[in-house]
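Residue-level listing of the chains:
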Amino acid sequence: MTASERCRKASKQATMAAAARDQSVGCLPLPPSHRKTLARAGFSTVGEVLELKPTELSQELNLSVKEALGIIQLARAATEPSSQDTVTSPTSSAHASKGGAASSSAPEPSSDGTRPPASMVSMIGEVQPRTAFDCLKEEHASSPITTFSSAIDHILGGGVAIGQITEFCGAPGVGKTQLGIQLAVDVQVPKQFDGQGGEALYIDTEGSFVVERVEEIAQAAVNHLEGHAKEELDEFSVESVLRGIHYMRVHSHQQQIAVVETLVDFLAEHPDVKLVVIDSVAFHFRRDFEDMGLRTRLLNSLAQSLLRAASEHSLAIVLVNQMTTKITDAGSHLAPALGETWGHAATTRVVLSWRNNTRWATVLKSPNVKEDEAPYQVTELGIRDVETEHQTKRSRRDELG
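As the structure is a computational prediction, the values presented were derived from the model and not from experiment.

Reading the values: rules and limits
- Residues numbered from 1 in each chain as written.
- Predicted model: local features only at pLDDT ≥ 70, side-chain atom pairs only at ≥ 80, totals over all residues.
- Heavy atoms only, no water.
- Phe/Tyr/Trp six-rings, centres within 6.5 Å; stacked < 30°, edge-to-face > 60°.
- Buried < 20%, exposed > 50% of the residue type's maximum accessible area, 1.4 Å probe, protein only.
- Lys NZ or Arg CZ within 6 Å of the ring centre and 35° of its normal.
- Helix = DSSP H or I, 4+ residues; strand = E, 2+ residues; numbered from the N terminus.
- Core = buried A, V, L, I, M, F, W, Y, C linked by side-chain atoms within 4.5 Å.
- Contact = heavy atoms within 4.5 Å.
- Pairing = 2+ DSSP bridges.
- Axes fitted to C-alpha atoms, helices over the stretch in contact; angles between N-to-C directions.
- Polar contact = N/O pair within 3.5 Å; in protein donor to acceptor, adjacent residues only side chain to side chain.

Engineer: Please clarify how the packing of aromatic side chains should be interpreted in this entry.
Structural biologist: Working definition: an aromatic ring pair is given by the centre-to-centre distance plus the angle between the planes. In the structure shown here, the tally under the stated rule is two aromatic pairs. On the basis of an interplanar angle of 55 degrees and a centroid distance of 4.8 Å, the ring pair of Tyr-202 and Phe-209 is categorised as tilted. For the pair Tyr-202 and Phe-209, one class covers both residues: buried. Among the aromatic residues, ring-to-ring pairing joins Tyr-202, Phe-209 and Tyr-247 into one connected group. In this structure, Arg-355 packs its charged tip against the face of Trp-360, placed 4.5 Å from the ring centre.

This is the structure we're talking about:
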């Protein structure tokens, strides 16, 4: 082999090893309990596992050193370019060493040792290509969720998008929870009114979900649609709206992660859910965290799980986030909590704020719409446009019946 060939081979092996480190830990032949433990601890790639020693991984996962060593060995085997296509368990390895015939469907390793592991090949097989036209049709086929504020809907391109993560950030009292509840009601608007006709999952981390307030907003929405309907809305009543909101109260970041990691199972049992609200995503992650690296890994894993659920199940993910004071050389200002890295988690980020005694919604980033802002108000009926006094009285009279 010439020097040039050796160089090319080394380059290929390095490339394959780097790609193997980026593969999901879910591809490793681990027991389900260990996979869940890794996910809850924030480990999403093989490379992240290999960064730790067995004793360190043991402490992170609360497992024995022997179990941690076994996980690291499997992760290491998955990144070795000269290994077989599959990452075999000790049992299958022992069987092969005793002369057990390999499966005829298992491809032989390439002569230069550059074939990717089978786990990587299976991951590539799960990625089905689609044309841009197909993506456009899917996007147009799913109506966004209205906020009942035409001004906010306008700056969002029609409402909260399906298949994406939308984050609403704001200081206390600006109406974040009110908006979350409003969306949980609005996602149930019947399809005949260009709604989703779906259900909602409301994940409450702060205890701010008040069912009496949900009932008020639901009643206003029902009255509003009845005023525009040509026939009775038997399938859209206050009772049906309340039954269509699934509620979970989580008390720690561990519970929050567990709920998100099992979200796929919940959605399989409740296929009509078209909206997931987490209020707030930041609450449990802003306390009792000395290891910021661990927090970042946990949040990154959380965001990836949510984005995957939004895409695969065609639903909207709405995250409510708090604000924090950010100090720079130029002074201090309010910024969304959880740091700059978390800022990339959401597809669309909207900041809710007060200005001149009026609430404003400002789009900070979005791949679909330009940066824009709109005024809104929180009334006894829910989220509404800012109106004149005459318009407000007329709206209240119409929607309260």
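Back to the text.
Engineer: What am I meant to see in unusual backbone geometry here?
Structural biologist: Across the chain, the bulk of peptide bonds are trans and the bulk of non-glycine residues have phi less than zero. Geometrically, the link from Asp-279 to Ser-280 is a cis peptide bond, its omega value of -5 degrees lying close to zero. Residue position: Ser-280 is located in the loop between strand E4 (273-279) and helix H15 (292-312). For Asp-194, which is not a glycine, the phi torsion comes out positive at approximately 65 degrees. Residue position: Asp-194 is located in the loop between helix H10 (176-186) and strand E2 (199-204).

Engineer: I would appreciate a short explanation of the nonpolar core in the present structure.
Structural biologist: For soluble globular proteins, the rule of thumb is that nonpolar side chains tend to be buried together. One finds Phe-168 and Leu-275 to be the most contacted residues of the largest nonpolar core, which totals 42 residues. If you tally residues by element for this core, the top one is helix H11 (residues 211-226), at six residues. Residues contacting Leu-275, with those up to four places away along its chain left out, are Ile-145, Leu-183, Ala-184, Val-187, Glu-199, Ala-200, Leu-201, Leu-315, Ala-316 and Val-318. One finds Ile-278, Leu-298, Ile-317 and Ala-346 within the second-largest nonpolar core, a separate group that totals 33 residues.

Engineer: Help me understand the sheet that holds E4 in this model?
Structural biologist: Strand pairing in a sheet relies on backbone hydrogen bonds. The paired strands run either parallel or antiparallel. The nine strands are arranged E3-E2-E4-E5-E1-E8-E9-E10-E11 in an open sheet whose pairing can be described as mixed. Every other strand in the sheet has two partners, leaving strand E3 (245-249) and strand E11 (382-384) as the edge strands with one partner each. Neighbour to neighbour, the strand axes of the sheet diverge by 25 degrees on average, direction disregarded.

Engineer: Looking at this structure, I do not really get the side chain of Thr-348. What am I missing?
Structural biologist: Residue placement: Thr-348 occurs in strand E8 (residues 348-355). Judged by its relative accessible area of 5%, Thr-348 is buried. Within the local environment of Thr-348, its side chain forms a polar contact with the side chain of Ser-366, the two groups lying 3.2 Å apart. Setting aside residues no more than four positions away along its own chain, Thr-348 makes contact with Leu-156, Gln-164, Ile-165, Thr-166, Glu-167, Lys-365, Ser-366 and Pro-367.

Engineer: Looking at this structure, I do not really get the pairing of strand E1 (residues 165-170). What am I missing?
Structural biologist: A large share of E1 lies buried, amounting to six of its six residues. On E1, burial covers both faces: Ile-165, Glu-167 and Cys-169 on one face and Thr-166, Phe-168 and Gly-170 on the other are all buried. Note: E1 against strand E5 (residues 316-321), five bridges, orientation parallel. Among the inter-strand pairings, Phe-168 is bridged to a residue of E5, identified as Val-320.

Shape is all these values report; function is a separate question.
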